[in-house]
Amino acid sequence: MKKLFIVANWKCNKTMGEAEEWLDEVQTDLANLSNLTNLEIVLCVPFTLLPLLSAKVSKLKSLKVKLGAQDVSPFPDGAYTGEISARMLKDLGVEDVMIGHSERRKYFHEDEAMLENKVREAQDAGLRPIFCVRGLMDSVPAGVEIILYEPMTAIGSGQAESAEEVNEVARKLKEKLDDNVVVLYGGSVVPKNVNNFCQEEFIDGVGIGGASLDVEKFLQILNQVQNDNS
Ligand code: PGA
């Protein structure tokens, strides 16, 4: 039985009321998963929802649900209007932070130098970066322990990459970086394909975008993983 990671990425979705509704619905069912010690769930939500979730997620701690952000400033506190620093995230109880998602690289022109700074800021503040790569061509900053591999064609398209192909990428990433690096796959992961990925030797879990917004689908994914991994 290997340890598996489920990283939910809500992207730019949900108001406070909607998030509260999602949590209330999910909470009861999560309790049924408490016997699954080998699953780590990270909820990566918009900055605006972090205080609300921080209060709620602490009650779910025994279930290993962690709070994550989707981005962090490449700078420390200071004159950087509009930014959210790693120290501020840490202060809210955030433990993980996604860095370098392809949507940020594409729409906000985040380049390698900036991503390196974000990773350094996160690490200095004691946050764990979940570093996103689009493929083997993307470089990974030093010290990164979790990589989320998300081929751009698979994101939100309903066309997930095959588990065999992903496994090969994961194997190469570990070979290149470190055997102990955690490699996750994201891109159109849904209840019916999640176990294909989780069963592969070099894949340590999944990142879930669209399906994590929907309580029913999210719980189905957790149940699938639980049944297969327990
Ligand atoms: P998706 O998104 O599951 O909706 O394809 C994945 C992601 O971008 O993290």
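Overview of the structure. Not measured: the values here are computed from a predicted model.

**Points about the nonpolar core**
Step number 1: Residues Ile6, Leu43, Leu53 and Phe218 are the most contacted members of the largest nonpolar core, which totals 60 residues.
Step number 2: A per-element tally of this core places helix α9 (residues 215-229) first, with six residues.
Step number 3: Core analysis: the second largest hydrophobic core is formed by 11 residues, Phe5, Cys44, Ile130 and Ile146 among them.

**Looking at the pattern of salt bridges**
Step number 1: By the definition in use, this model includes 19 salt bridges.
Step number 2: With a closest N to O distance of 3.9 Å, lysine 172 and glutamate 168 form a salt bridge. Residue lysine 172 and its partner glutamate 168 are located together in helix α6 (residues 163-176), separated by four residues, close to a single helical turn.
Step number 3: Judged by relative accessible area, which is 33%, glutamate 168 ranks as partly exposed.

**Re the sheet that holds strand β5 (residues 128-133)**
Step number 1: Within the closed barrel, the eight strands sit side by side as β1-β2-β3-β4-β5-β6-β7-β8. Their pairing is parallel. Taken over all neighbouring pairs, the strand axes of this sheet differ in orientation by 25° on average, direction set aside.
Step number 2: Here strand β7 (residues 182-186) runs beside strand β8 (residues 205-208); their pairing, made up of two bridges, is parallel. If you follow glycine 186 over to β8, its bridge partner there is glycine 207.

About the thresholds
- Residues numbered from 1 in each chain as written.
- Predicted model: local features only at pLDDT ≥ 70, side-chain atom pairs only at ≥ 80, totals over all residues.
- Heavy atoms only, no water.
- Core = buried A, V, L, I, M, F, W, Y, C linked by side-chain atoms within 4.5 Å.
- Buried < 20%, exposed > 50% of the residue type's maximum accessible area, 1.4 Å probe, protein only.
- Helix = DSSP H or I, 4+ residues; strand = E, 2+ residues; numbered from the N terminus.
- Salt bridge = Lys/Arg side-chain N within 4 Å of Asp/Glu carboxyl O.
- Pairing = 2+ DSSP bridges.
- Axes fitted to C-alpha atoms, helices over the stretch in contact; angles between N-to-C directions.

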